[in-house]
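Residue-level listing of the chains:
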Amino acid sequence: LKSKKRNAIVRSIFNGEISFIKKNDSRFKNIVMVKYDDGLNGIYLNLDEVSSEVFVGKKVLKGFILGKVDEILTFQATKNNKYIDPERLFK
């Protein structure tokens, strides 16, 4: 997903719980994974900044600010440990 501006806010697409955070990854900068209902996970990669409010175990609501991205956010989704097309989630 290409950002139209620098420091674009990245928000959780559904209610869920932060299940994984990795900062300063050599390949994907910063990574945040949010566990949603029904075995669905959102994986937010290439974040330039992770919100100070984000920690593993934190319950988040749809729209919660996960961080910021300057140029390109990579978003992946899994359901029951299998990758799915994330476009299905935005329809």
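Not measured: the values here are computed from a predicted model.

Engineer: Break down the nonpolar core for me, citing the residues and quoting the values.
Structural biologist: Counting 20 residues, the largest nonpolar core has Ile18, Val32, Val34, Tyr44, Leu47, Val54 and Leu66 as the members making the most contacts within it. Taken together, the elements giving at least two residues each to this core come down to β1 (8-11), β3 (29-35), β4 (40-47), β7 (65-69) and β8 (74-79). For this core, the element with the highest residue contribution is β4, accounting for 3 residues.

Engineer: Give a description of the sheet that holds strand β5 (residues 49-50) that names residues and reports values.
Structural biologist: Strand order in the open sheet formed by 3 strands is β1-β7-β5, with antiparallel pairing between adjacent strands. In this open sheet, the two strands that pair with only one neighbour each are β1 and β5.

Engineer: Which residues make up the side chain of Lys58, and what are the values?
Structural biologist: Mapping Lys58 onto the fold places it in the loop between β5 and β6 (59-60). No salt bridge is formed by the buried Lys58; the nearest opposite charge belongs to Glu53, separated by 4.5 Å. Filtering out sequence-adjacent residues up to four positions away, Lys58 remains in contact with Gly16, Glu17, Ile18, Glu53 and Phe64.

Engineer: Outline the side chain of Asn41, supporting the account with residue identities and numerical values.
Structural biologist: Relative to the assigned elements, Asn41 resides in strand β4. Setting aside its immediate chain neighbours within four residues, Asn41 contacts Ser19, Met33, Val34, Lys35, Tyr36, Gln76, Ala77 and Thr78.

Engineer: Let's hear about the pairing of β7: which residues, and what values?
Structural biologist: For β1 and β7, the ladder comprises 4 bridges, and the chain directions are antiparallel. Bridge pairing in β7 links Ile9 to Lys68. Bridge count for β5 against β7 is 2 bridges, and the pairing is antiparallel. From the neighbouring strand, Val50 faces β7, where its bridge partner is Gly67.

Engineer: Explain the pairing of β3 to me, using residue names and the numbers behind them.
Structural biologist: Inspection of the sheet shows strand β2 (residues 16-25) paired to β3 by 6 bridges, in the antiparallel sense. Each bridged residue has a counterpart across the sheet, and for Asp25 the counterpart in β3 is Lys29. Connecting the antiparallel pair β2 and β3 is a turn made up of 3 residues. Two strands pair when backbone bridges link them, and β3 and β4 are joined in this way by 5 bridges, in the antiparallel orientation. Looking at β4, one finds that Met33 is bridged to Ile43. Taking the residues between adjacent antiparallel strands as the criterion, β3 and β4 are bridged by 4 residues, where Asp38 takes a positive phi near 60 degrees.

Engineer: For the environment of Asn81, give the residues involved together with the corresponding values.
Structural biologist: Turning to its location among the elements, Asn81 is positioned in the loop between β8 and β9 (82-84). Separated by 31 residues in the primary sequence, Asn81 and Val50 have C-alpha atoms spaced 24 Å apart.

Calculation rules
Residues numbered from 1 in each chain as written. Predicted model: local features only at pLDDT ≥ 70, side-chain atom pairs only at ≥ 80, totals over all residues. Heavy atoms only, no water. Core = buried A, V, L, I, M, F, W, Y, C linked by side-chain atoms within 4.5 Å. Buried < 20%, exposed > 50% of the residue type's maximum accessible area, 1.4 Å probe, protein only. Helix = DSSP H or I, 4+ residues; strand = E, 2+ residues; numbered from the N terminus. Pairing = 2+ DSSP bridges. Lys, Arg positive; Asp, Glu negative; His and termini not counted. Salt bridge = Lys/Arg side-chain N within 4 Å of Asp/Glu carboxyl O. Contact = heavy atoms within 4.5 Å.

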